[in-house]
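Spelled out, the chains give:
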Amino acid sequence: MTKEDNQRKVVIPGEVIVKGDNYLPGDGTEKRGEEIVSIKYGLSEEQNRLIKVIPLSGIYHPRRGNVVIGKVENLTFNGWVIDIGAPEGAFLSLMEVPKYVNKDGLDEVMDFGDMVIAKIWSINKRGIDLSIKSRGLGKIDEGIIVKVNPNKVPRVIGKEGSMVKLIKDETGCNITVGQNGLIWIKGDKIEDELFAKKSILFVTEKSYISGLTEEVKKWFEKEKK
Amino acid sequence: MTKEFKRPDGRKVDELRKMSAKVGVVPNADGSAMFSFGDTIAIAAVYGPKKMHPQHKQNPEKGTLRCNYNMISFSVNDRIRPGMSRRSMEISEISKWALEPVLMIDNYPNMVVDVHINILQANASTRCAGINAACLALAHAGISMKNMVSSVSIGKLDKQLVVDVDKKEEDWEEGEGATDIPITMTSDDKITHLQLDGKITNKQLKDAIELARKACKEIYEVQKKALKESLGEEK
(Lines give C-alpha, C1' and ligand atoms only; values in the text may rest on other atoms or scores of the structure.)
Protein backbone atom coordinates (compact mmCIF):
# COMPACT_ATOMS: atom_id res chain seq x y z
CA MET A 1 0.00 0.00 0.00
CA THR A 2 1.58 3.26 -1.09
CA LYS A 3 0.85 6.64 0.38
CA GLU A 4 -1.64 7.64 -2.31
CA ASP A 5 -3.37 4.32 -2.25
CA ASN A 6 -5.13 4.44 1.09
CA GLN A 7 -8.08 2.44 -0.15
CA ARG A 8 -9.70 0.06 2.23
CA LYS A 9 -9.04 -3.60 1.75
CA VAL A 10 -10.15 -6.79 3.42
CA VAL A 11 -7.52 -8.35 5.64
CA ILE A 12 -7.45 -11.57 7.63
CA PRO A 13 -5.61 -12.34 10.89
CA GLY A 14 -1.87 -12.71 10.36
CA GLU A 15 -1.85 -10.82 7.07
CA VAL A 16 0.85 -8.18 6.61
CA ILE A 17 -0.79 -4.82 5.87
CA VAL A 18 2.29 -2.63 5.29
CA LYS A 19 6.02 -2.88 5.68
CA GLY A 20 8.36 -0.20 6.87
CA ASP A 21 8.89 2.07 9.84
CA ASN A 22 6.71 4.88 8.51
CA TYR A 23 3.50 3.54 9.95
CA LEU A 24 1.98 3.18 13.38
CA PRO A 25 -0.13 0.23 14.48
CA GLY A 26 -3.67 1.16 15.52
CA ASP A 27 -6.73 -0.83 16.57
CA GLY A 28 -6.80 -4.42 15.36
CA THR A 29 -3.14 -4.44 14.32
CA GLU A 30 0.18 -5.41 15.81
CA LYS A 31 3.75 -4.50 15.01
CA ARG A 32 6.06 -7.45 14.35
CA GLY A 33 9.55 -6.31 13.50
CA GLU A 34 9.19 -4.03 10.51
CA GLU A 35 5.75 -5.22 9.52
CA ILE A 36 2.31 -4.17 10.63
CA VAL A 37 0.15 -7.25 10.86
CA SER A 38 -3.62 -7.50 11.18
CA ILE A 39 -4.92 -9.45 14.16
CA LYS A 40 -8.55 -9.22 13.12
CA TYR A 41 -10.71 -10.01 10.14
CA GLY A 42 -11.92 -6.72 8.73
CA LEU A 43 -11.20 -3.70 6.56
CA SER A 44 -7.80 -2.04 6.88
CA GLU A 45 -7.63 1.72 6.72
CA GLU A 46 -4.84 4.28 6.82
CA GLN A 47 -5.15 7.70 8.38
CA ASN A 48 -2.12 9.91 8.99
CA ARG A 49 0.18 6.90 8.86
CA LEU A 50 -1.93 5.15 11.49
CA ILE A 51 -3.11 1.76 10.30
CA LYS A 52 -6.23 0.27 11.79
CA VAL A 53 -8.55 -2.61 11.08
CA ILE A 54 -12.30 -2.18 11.36
CA PRO A 55 -13.90 -5.51 12.22
CA LEU A 56 -16.68 -6.68 9.92
CA SER A 57 -18.40 -9.19 12.13
CA GLY A 58 -18.64 -10.43 15.67
CA ILE A 59 -20.16 -9.13 18.85
CA TYR A 60 -20.46 -5.53 20.02
CA HIS A 61 -17.38 -4.11 21.76
CA PRO A 62 -18.44 -1.32 24.09
CA ARG A 63 -16.46 1.94 24.10
CA ARG A 64 -16.66 4.98 26.30
CA GLY A 65 -19.07 7.60 25.04
CA ASN A 66 -21.17 5.21 22.95
CA VAL A 67 -24.89 5.75 22.98
CA VAL A 68 -26.56 2.38 23.36
CA ILE A 69 -30.05 0.98 23.68
CA GLY A 70 -30.60 -1.74 26.26
CA LYS A 71 -33.18 -3.69 28.16
CA VAL A 72 -33.56 -3.60 31.93
CA GLU A 73 -32.41 -6.99 33.13
CA ASN A 74 -32.42 -6.57 36.90
CA LEU A 75 -33.09 -4.09 39.66
CA THR A 76 -30.65 -3.69 42.55
CA PHE A 77 -30.90 -1.52 45.63
CA ASN A 78 -29.04 1.34 43.97
CA GLY A 79 -29.64 1.02 40.26
CA TRP A 80 -30.49 -1.07 37.26
CA VAL A 81 -28.61 -3.80 35.40
CA ILE A 82 -29.06 -3.32 31.68
CA ASP A 83 -28.40 -5.77 28.87
CA ILE A 84 -26.72 -3.91 26.01
CA GLY A 85 -25.55 -6.97 24.08
CA ALA A 86 -21.98 -6.79 25.41
CA PRO A 87 -20.32 -9.71 27.21
CA GLU A 88 -20.57 -7.82 30.47
CA GLY A 89 -23.76 -6.46 31.95
CA ALA A 90 -24.01 -2.68 32.15
CA PHE A 91 -24.98 -0.84 35.30
CA LEU A 92 -27.09 2.30 35.48
CA SER A 93 -26.70 3.86 38.91
CA LEU A 94 -29.38 5.86 40.70
CA MET A 95 -26.92 8.76 40.79
CA GLU A 96 -26.90 8.92 37.01
CA VAL A 97 -30.64 9.56 36.74
CA PRO A 98 -31.42 13.29 36.44
CA LYS A 99 -34.29 13.29 38.92
CA TYR A 100 -35.09 12.21 42.43
CA VAL A 101 -35.85 8.51 42.73
CA ASN A 102 -37.28 6.90 45.82
CA LYS A 103 -35.10 3.92 46.74
CA ASP A 104 -38.21 1.81 47.33
CA GLY A 105 -39.69 2.80 44.03
CA LEU A 106 -37.01 1.94 41.48
CA ASP A 107 -39.53 -0.06 39.49
CA GLU A 108 -41.72 3.01 39.07
CA VAL A 109 -38.98 4.66 37.05
CA MET A 110 -37.85 1.61 35.07
CA ASP A 111 -39.04 -1.95 35.45
CA PHE A 112 -37.92 -5.31 34.06
CA GLY A 113 -38.09 -5.41 30.27
CA ASP A 114 -38.18 -1.64 29.79
CA MET A 115 -35.99 -0.31 27.00
CA VAL A 116 -33.66 2.56 27.74
CA ILE A 117 -31.31 4.79 25.74
CA ALA A 118 -28.11 5.41 27.70
CA LYS A 119 -24.57 6.57 27.25
CA ILE A 120 -21.52 4.57 28.30
CA TRP A 121 -19.97 6.71 30.96
CA SER A 122 -17.03 4.54 31.93
CA ILE A 123 -15.64 1.06 31.44
CA ASN A 124 -13.62 -0.47 34.24
CA LYS A 125 -12.63 -3.86 35.52
CA ARG A 126 -15.91 -4.34 37.33
CA GLY A 127 -18.02 -3.60 34.31
CA ILE A 128 -19.70 -0.90 32.29
CA ASP A 129 -21.33 2.17 33.86
CA LEU A 130 -24.14 3.93 32.08
CA SER A 131 -25.63 7.38 32.39
CA ILE A 132 -28.88 8.96 31.23
CA LYS A 133 -27.94 12.48 32.26
CA SER A 134 -27.89 13.99 28.77
CA ARG A 135 -30.55 15.09 26.34
CA GLY A 136 -32.15 12.39 24.28
CA LEU A 137 -31.37 9.68 26.80
CA GLY A 138 -33.80 7.88 29.06
CA LYS A 139 -36.55 5.34 29.06
CA ILE A 140 -38.35 4.55 25.79
CA ASP A 141 -42.13 4.62 26.08
CA GLU A 142 -43.31 4.28 22.48
CA GLY A 143 -42.12 3.55 18.97
CA ILE A 144 -40.43 0.45 17.62
CA ILE A 145 -36.97 -1.05 18.00
CA VAL A 146 -35.06 -2.65 15.14
CA LYS A 147 -32.08 -4.89 15.72
CA VAL A 148 -29.23 -4.89 13.22
CA ASN A 149 -25.71 -6.30 13.25
CA PRO A 150 -23.58 -3.94 15.43
CA ASN A 151 -20.91 -3.89 12.73
CA LYS A 152 -23.38 -2.37 10.28
CA VAL A 153 -24.15 0.59 12.54
CA PRO A 154 -21.60 2.93 10.88
CA ARG A 155 -23.29 2.30 7.53
CA VAL A 156 -26.73 3.06 8.97
CA ILE A 157 -25.40 6.34 10.38
CA GLY A 158 -23.45 7.19 7.23
CA LYS A 159 -20.73 9.78 6.83
CA GLU A 160 -21.38 12.47 9.44
CA GLY A 161 -24.88 11.15 9.93
CA SER A 162 -25.87 11.52 6.26
CA MET A 163 -27.66 8.21 6.02
CA VAL A 164 -29.71 8.50 9.17
CA LYS A 165 -30.58 12.09 8.23
CA LEU A 166 -31.80 10.92 4.83
CA ILE A 167 -34.02 8.27 6.43
CA LYS A 168 -35.35 10.77 8.96
CA ASP A 169 -36.20 13.28 6.22
CA GLU A 170 -37.80 10.71 3.95
CA THR A 171 -39.96 9.02 6.57
CA GLY A 172 -40.58 11.84 9.01
CA CYS A 173 -39.59 9.62 11.92
CA ASN A 174 -37.33 10.33 14.81
CA ILE A 175 -34.49 7.79 14.85
CA THR A 176 -31.90 7.04 17.51
CA VAL A 177 -29.16 4.61 16.55
CA GLY A 178 -27.56 2.70 19.40
CA GLN A 179 -23.94 1.69 18.78
CA ASN A 180 -24.84 -1.82 19.93
CA GLY A 181 -27.09 -2.36 16.92
CA LEU A 182 -30.46 -1.47 18.40
CA ILE A 183 -32.30 1.32 16.62
CA TRP A 184 -35.25 3.19 18.02
CA ILE A 185 -37.80 4.58 15.56
CA LYS A 186 -40.57 6.91 16.61
CA GLY A 187 -42.99 8.36 14.10
CA ASP A 188 -46.46 9.84 14.10
CA LYS A 189 -48.01 6.86 12.35
CA ILE A 190 -47.14 3.18 12.66
CA GLU A 191 -46.91 3.01 8.84
CA ASP A 192 -44.12 5.59 8.90
CA GLU A 193 -42.24 3.60 11.52
CA LEU A 194 -42.54 0.38 9.53
CA PHE A 195 -41.38 2.21 6.40
CA ALA A 196 -38.32 3.51 8.28
CA LYS A 197 -37.62 0.00 9.53
CA LYS A 198 -37.81 -1.34 5.98
CA SER A 199 -35.34 1.27 4.78
CA ILE A 200 -32.90 0.47 7.60
CA LEU A 201 -33.04 -3.22 6.76
CA PHE A 202 -32.36 -2.28 3.14
CA VAL A 203 -29.28 -0.35 4.23
CA THR A 204 -27.91 -3.28 6.25
CA GLU A 205 -28.56 -5.67 3.39
CA LYS A 206 -26.69 -3.51 0.89
CA SER A 207 -24.05 -2.35 3.36
CA TYR A 208 -21.15 -3.50 1.16
CA ILE A 209 -22.05 -1.20 -1.77
CA SER A 210 -19.99 1.97 -2.13
CA GLY A 211 -22.04 5.09 -2.71
CA LEU A 212 -24.79 3.63 -0.59
CA THR A 213 -26.51 6.96 0.17
CA GLU A 214 -27.25 7.45 -3.54
CA GLU A 215 -28.55 3.91 -3.76
CA VAL A 216 -30.88 4.51 -0.81
CA LYS A 217 -32.14 7.74 -2.39
CA LYS A 218 -33.08 5.75 -5.48
CA TRP A 219 -34.73 3.14 -3.32
CA PHE A 220 -36.87 5.79 -1.60
CA GLU A 221 -37.95 7.20 -4.96
CA LYS A 222 -39.01 3.75 -6.11
CA GLU A 223 -40.80 2.87 -2.90
CA LYS A 224 -42.70 6.13 -2.68
CA LYS A 225 -44.41 5.68 -6.04
CA MET B 1 8.82 -46.00 -2.76
CA THR B 2 7.85 -46.80 -6.30
CA LYS B 3 7.28 -43.67 -8.32
CA GLU B 4 3.87 -44.78 -9.60
CA PHE B 5 2.20 -45.42 -6.26
CA LYS B 6 -1.51 -45.97 -6.86
CA ARG B 7 -3.90 -44.30 -4.44
CA PRO B 8 -7.40 -45.80 -4.27
CA ASP B 9 -9.04 -42.69 -5.72
CA GLY B 10 -6.32 -42.01 -8.28
CA ARG B 11 -4.90 -38.87 -6.66
CA LYS B 12 -1.20 -38.03 -6.76
CA VAL B 13 0.62 -38.62 -3.47
CA ASP B 14 0.75 -34.89 -2.71
CA GLU B 15 -2.68 -34.02 -4.01
CA LEU B 16 -5.43 -32.84 -1.68
CA ARG B 17 -9.06 -33.60 -2.22
CA LYS B 18 -11.21 -30.80 -3.60
CA MET B 19 -11.64 -28.23 -0.85
CA SER B 20 -14.35 -25.68 -0.32
CA ALA B 21 -14.91 -23.14 2.42
CA LYS B 22 -17.59 -20.64 3.28
CA VAL B 23 -18.10 -18.28 6.20
CA GLY B 24 -21.31 -17.03 7.74
CA VAL B 25 -23.27 -20.26 7.41
CA VAL B 26 -24.98 -20.12 10.83
CA PRO B 27 -26.99 -16.89 11.04
CA ASN B 28 -27.52 -16.99 14.80
CA ALA B 29 -23.88 -17.54 15.73
CA ASP B 30 -21.41 -14.70 16.30
CA GLY B 31 -19.14 -16.34 13.74
CA SER B 32 -19.45 -19.47 11.65
CA ALA B 33 -17.83 -21.34 8.79
CA MET B 34 -18.00 -24.49 6.73
CA PHE B 35 -14.95 -26.36 5.46
CA SER B 36 -14.79 -29.52 3.41
CA PHE B 37 -12.19 -31.93 2.08
CA GLY B 38 -14.03 -33.92 -0.61
CA ASP B 39 -16.80 -35.76 1.21
CA THR B 40 -15.71 -34.66 4.68
CA ILE B 41 -17.78 -31.65 5.69
CA ALA B 42 -17.38 -29.73 8.94
CA ILE B 43 -19.38 -26.79 10.22
CA ALA B 44 -18.08 -24.63 13.06
CA ALA B 45 -20.03 -22.03 15.02
CA VAL B 46 -18.46 -19.58 17.46
CA TYR B 47 -20.38 -17.96 20.29
CA GLY B 48 -18.83 -15.20 22.30
CA PRO B 49 -16.68 -13.82 23.76
CA LYS B 50 -19.28 -13.88 26.49
CA LYS B 51 -19.21 -13.86 30.25
CA MET B 52 -18.10 -17.18 31.74
CA HIS B 53 -20.83 -18.84 33.67
CA PRO B 54 -20.62 -20.29 36.39
CA GLN B 55 -18.64 -17.46 37.89
CA HIS B 56 -16.10 -19.65 39.72
CA LYS B 57 -14.76 -20.83 36.35
CA GLN B 58 -13.84 -17.28 35.34
CA ASN B 59 -10.17 -16.57 34.90
CA PRO B 60 -9.34 -12.92 35.55
CA GLU B 61 -5.97 -13.23 33.83
CA LYS B 62 -7.10 -14.49 30.45
CA GLY B 63 -10.11 -15.77 28.62
CA THR B 64 -11.08 -19.38 28.11
CA LEU B 65 -11.53 -21.30 24.90
CA ARG B 66 -13.96 -24.18 24.85
CA CYS B 67 -14.22 -26.55 21.91
CA ASN B 68 -16.87 -29.09 21.24
CA TYR B 69 -16.38 -31.62 18.47
CA ASN B 70 -19.37 -33.66 17.52
CA MET B 71 -20.05 -36.14 14.76
CA ILE B 72 -23.66 -36.03 13.71
CA SER B 73 -25.31 -39.45 13.83
CA PHE B 74 -25.84 -39.60 10.05
CA SER B 75 -22.29 -38.55 9.20
CA VAL B 76 -21.04 -42.11 8.68
CA ASN B 77 -22.48 -45.26 7.10
CA ASP B 78 -23.29 -47.00 10.38
CA ARG B 79 -25.31 -44.56 12.46
CA ILE B 80 -23.26 -43.46 15.47
CA ARG B 81 -24.84 -42.89 18.83
CA PRO B 82 -25.42 -39.19 19.28
CA GLY B 83 -23.70 -37.38 22.10
CA MET B 84 -20.22 -37.30 23.51
CA SER B 85 -18.00 -40.32 23.23
CA ARG B 86 -14.45 -40.94 24.37
CA ARG B 87 -13.26 -40.15 20.86
CA SER B 88 -15.18 -36.90 20.47
CA MET B 89 -14.05 -35.69 23.87
CA GLU B 90 -10.45 -36.30 22.89
CA ILE B 91 -10.81 -34.51 19.57
CA SER B 92 -12.54 -31.56 21.27
CA GLU B 93 -9.52 -31.14 23.49
CA ILE B 94 -7.09 -31.60 20.57
CA SER B 95 -8.90 -28.94 18.54
CA LYS B 96 -8.66 -26.58 21.49
CA TRP B 97 -4.91 -27.13 21.75
CA ALA B 98 -4.48 -26.61 18.03
CA LEU B 99 -6.33 -23.29 18.05
CA GLU B 100 -5.29 -21.77 21.37
CA PRO B 101 -1.70 -20.78 20.38
CA VAL B 102 -2.95 -18.37 17.69
CA LEU B 103 -5.81 -16.93 19.69
CA MET B 104 -5.09 -13.73 21.64
CA ILE B 105 -7.18 -15.00 24.48
CA ASP B 106 -5.53 -12.70 27.06
CA ASN B 107 -7.61 -9.87 25.61
CA TYR B 108 -10.78 -11.40 26.99
CA PRO B 109 -10.43 -11.83 30.77
CA ASN B 110 -13.35 -13.43 32.61
CA MET B 111 -14.84 -14.39 29.30
CA VAL B 112 -15.30 -17.56 27.31
CA VAL B 113 -15.33 -18.33 23.61
CA ASP B 114 -17.35 -21.36 22.64
CA VAL B 115 -16.54 -23.23 19.45
CA HIS B 116 -18.92 -25.93 18.28
CA ILE B 117 -17.63 -28.16 15.51
CA ASN B 118 -20.11 -30.45 13.83
CA ILE B 119 -19.18 -33.06 11.28
CA LEU B 120 -22.00 -33.37 8.77
CA GLN B 121 -20.38 -35.97 6.60
CA ALA B 122 -17.27 -37.97 7.38
CA ASN B 123 -14.73 -39.49 5.06
CA ALA B 124 -11.63 -39.41 7.27
CA SER B 125 -9.61 -36.27 8.24
CA THR B 126 -12.60 -34.94 10.17
CA ARG B 127 -10.51 -33.31 12.88
CA CYS B 128 -8.50 -31.44 10.25
CA ALA B 129 -11.63 -30.18 8.50
CA GLY B 130 -13.00 -29.27 11.92
CA ILE B 131 -9.94 -27.25 12.90
CA ASN B 132 -9.92 -25.45 9.54
CA ALA B 133 -13.59 -24.56 9.89
CA ALA B 134 -13.13 -23.49 13.53
CA CYS B 135 -10.27 -21.18 12.60
CA LEU B 136 -12.38 -19.51 9.91
CA ALA B 137 -15.29 -19.18 12.31
CA LEU B 138 -13.09 -17.58 15.00
CA ALA B 139 -11.80 -15.03 12.50
CA HIS B 140 -15.35 -14.39 11.36
CA ALA B 141 -16.43 -13.81 14.96
CA GLY B 142 -14.00 -10.88 15.10
CA ILE B 143 -11.73 -12.44 17.71
CA SER B 144 -8.12 -11.22 17.85
CA MET B 145 -5.80 -13.82 16.39
CA LYS B 146 -2.07 -13.78 15.78
CA ASN B 147 -2.43 -15.86 12.68
CA MET B 148 -4.59 -18.37 10.89
CA VAL B 149 -4.09 -22.11 11.23
CA SER B 150 -4.52 -24.78 8.59
CA SER B 151 -4.71 -28.47 9.28
CA VAL B 152 -4.03 -31.50 7.12
CA SER B 153 -3.60 -35.19 7.68
CA ILE B 154 -0.56 -36.96 6.30
CA GLY B 155 -0.88 -40.69 5.88
CA LYS B 156 1.73 -43.40 5.68
CA LEU B 157 0.36 -46.25 3.59
CA ASP B 158 2.80 -49.13 3.97
CA LYS B 159 5.93 -47.02 3.33
CA GLN B 160 4.52 -44.33 1.11
CA LEU B 161 3.60 -40.88 2.46
CA VAL B 162 0.37 -39.36 1.13
CA VAL B 163 -1.43 -36.09 1.77
CA ASP B 164 -5.02 -35.84 2.99
CA VAL B 165 -6.09 -39.41 3.77
CA ASP B 166 -9.57 -40.61 2.98
CA LYS B 167 -11.51 -43.48 4.50
CA LYS B 168 -10.20 -46.14 2.10
CA GLU B 169 -6.62 -45.13 2.80
CA GLU B 170 -7.20 -44.97 6.53
CA ASP B 171 -8.14 -48.68 6.42
CA TRP B 172 -5.06 -49.61 4.34
CA GLU B 173 -3.88 -53.09 5.24
CA GLU B 174 -1.02 -53.96 2.91
CA GLY B 175 2.53 -54.04 4.21
CA GLU B 176 2.94 -51.98 7.36
CA GLY B 177 -0.63 -50.75 7.23
CA ALA B 178 -1.74 -47.17 7.59
CA THR B 179 -0.50 -44.45 9.93
CA ASP B 180 -2.40 -41.21 10.17
CA ILE B 181 -0.56 -38.00 11.13
CA PRO B 182 -2.79 -34.96 11.51
CA ILE B 183 -0.72 -31.76 11.51
CA THR B 184 -1.85 -28.19 12.12
CA MET B 185 0.30 -25.24 11.13
CA THR B 186 0.09 -21.48 11.13
CA SER B 187 0.59 -19.65 7.85
CA ASP B 188 4.21 -18.92 8.84
CA ASP B 189 5.01 -22.61 9.17
CA LYS B 190 4.82 -23.05 12.92
CA ILE B 191 3.29 -26.29 14.16
CA THR B 192 0.49 -25.98 16.70
CA HIS B 193 -0.61 -29.59 16.68
CA LEU B 194 0.82 -32.90 15.59
CA GLN B 195 -0.60 -36.29 16.36
CA LEU B 196 0.98 -39.59 15.54
CA ASP B 197 0.23 -43.13 16.52
CA GLY B 198 2.12 -45.72 14.57
CA LYS B 199 5.63 -46.44 13.49
CA ILE B 200 7.62 -43.94 11.47
CA THR B 201 11.31 -43.20 11.02
CA ASN B 202 12.80 -39.85 11.95
CA LYS B 203 13.57 -39.04 8.37
CA GLN B 204 10.13 -39.92 7.16
CA LEU B 205 8.49 -37.79 9.83
CA LYS B 206 10.51 -34.83 8.60
CA ASP B 207 9.32 -35.57 5.08
CA ALA B 208 5.76 -35.76 6.37
CA ILE B 209 6.07 -32.33 7.98
CA GLU B 210 7.49 -30.96 4.75
CA LEU B 211 4.50 -32.37 2.85
CA ALA B 212 2.13 -30.87 5.42
CA ARG B 213 3.82 -27.50 5.04
CA LYS B 214 3.10 -27.51 1.32
CA ALA B 215 -0.48 -28.72 1.79
CA CYS B 216 -1.20 -26.15 4.52
CA LYS B 217 -0.18 -23.38 2.12
CA GLU B 218 -2.88 -24.59 -0.27
CA ILE B 219 -5.45 -24.81 2.51
CA TYR B 220 -4.52 -21.33 3.73
CA GLU B 221 -5.26 -19.93 0.29
CA VAL B 222 -8.71 -21.54 0.34
CA GLN B 223 -9.39 -20.11 3.81
CA LYS B 224 -8.15 -16.67 2.80
CA LYS B 225 -10.33 -16.68 -0.29
CA ALA B 226 -13.39 -17.72 1.72
CA LEU B 227 -12.94 -14.83 4.18
CA LYS B 228 -12.20 -12.23 1.53
CA GLU B 229 -15.08 -13.24 -0.69
CA SER B 230 -17.67 -13.46 2.04
CA LEU B 231 -18.15 -9.71 1.80
CA GLY B 232 -21.00 -8.80 -0.40
CA GLU B 233 -22.92 -12.05 -0.27
CA GLU B 234 -23.35 -11.94 3.44
CA LYS B 235 -26.37 -10.27 4.95
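Above this text sits the structure in question.
All residue numbers here refer to positions counted from 1 along the written sequence of the relevant chain. Key to labels: chains lettered from A, ligands numbered from 1, both in the order written. Local features in a predicted model are, by the rule used here, given only for residues with pLDDT of at least 70; side-chain atom pairs are given and counted only at 80 or more, and totals for whole chains, interfaces and linings are based on all residues.

(A) Structural detail: helix H4 (residues 202-229) of chain B. All names here are of chain B. In this text, helices come from DSSP runs of H or I with a minimum length of four residues, and strands from runs of E with a minimum of two, each type numbered from the N-terminal end. One less than the residue count of a helix, multiplied by 1.5 Å, gives the span that helix is expected to have. Taking 1.5 Å of rise per residue, the 28 residues of H4 would be expected to cover 40 Å, and the 41 Å separating its terminal C-alpha atoms lies within 8% of that figure. Whether a residue is buried, exposed or partly exposed is read from the other C-beta atoms within 10 Å of its own C-beta, which are placed from the backbone; 20 or more gives buried, 12 or fewer gives exposed, and intermediate counts give partly exposed. Ala 208, Leu 211, Ala 212, Ala 215, Cys 216, Ile 219, Tyr 220, Gln 223, Lys 224, Ala 226 and Leu 227 are the residues of H4 that are buried. Turning to H4, the residues buried within the fold contact strand S1 (19-23), helix H2 (126-140), strand S6 (149-157), strand S7 (160-163) and strand S8 (178-186). Contact between residues is assigned whenever the C-beta positions, reconstructed from backbone atoms, fall within 7 Å.

(B) Expanded view of the packing of H2(B) against H4(B). Residues and elements named next belong to chain B. All axes are obtained by fitting lines to C-alpha atoms, using only the stretch in contact for helices, and the reported angles, taken between N-to-C directions, cover 0 to 180 degrees. Here H2 crosses H4 at 35 degrees, and the two axes come no closer than 11 Å. For the element pair H2 and H4, the recorded crossing hand is right-handed. The segment H2 lies against H4, with Asn 132, Cys 135, Leu 136 and Ala 139 engaging Ile 219, Gln 223, Ala 226 and Leu 227. When its residues are assigned to classes, the contact of H2 with H4 shows six nonpolar, two polar and no charged. It is the rotation of the near helix from the far one that decides the hand of a crossing: anticlockwise by less than a right angle makes it left-handed, clockwise makes it right-handed. Gly is placed with the polar residues, together with every amino acid not listed as nonpolar (Ala, Val, Leu, Ile, Met, Phe, Trp, Tyr, Cys and Pro) or charged (Asp, Glu, Lys and Arg).

(C) Up close: the sheet that holds strand S6 (residues 42-47) of chain A. Residue and element names in this part refer to chain A. Between any two strands, pairing holds if DSSP finds at least two bridges. With mixed pairing, the four strands of this open sheet are ordered in space as S1-S6-S7-S3. The strands lining the two open edges of the sheet, one partner per strand, are strand S1 (9-11) and strand S3 (24-25). As paired strands, S1 and S6 are joined by three bridges and run antiparallel to one another. Looking at the pairing, Val 11 lines up with Gly 42 of S6.

Any functional reading would require information that these geometric values do not contain.
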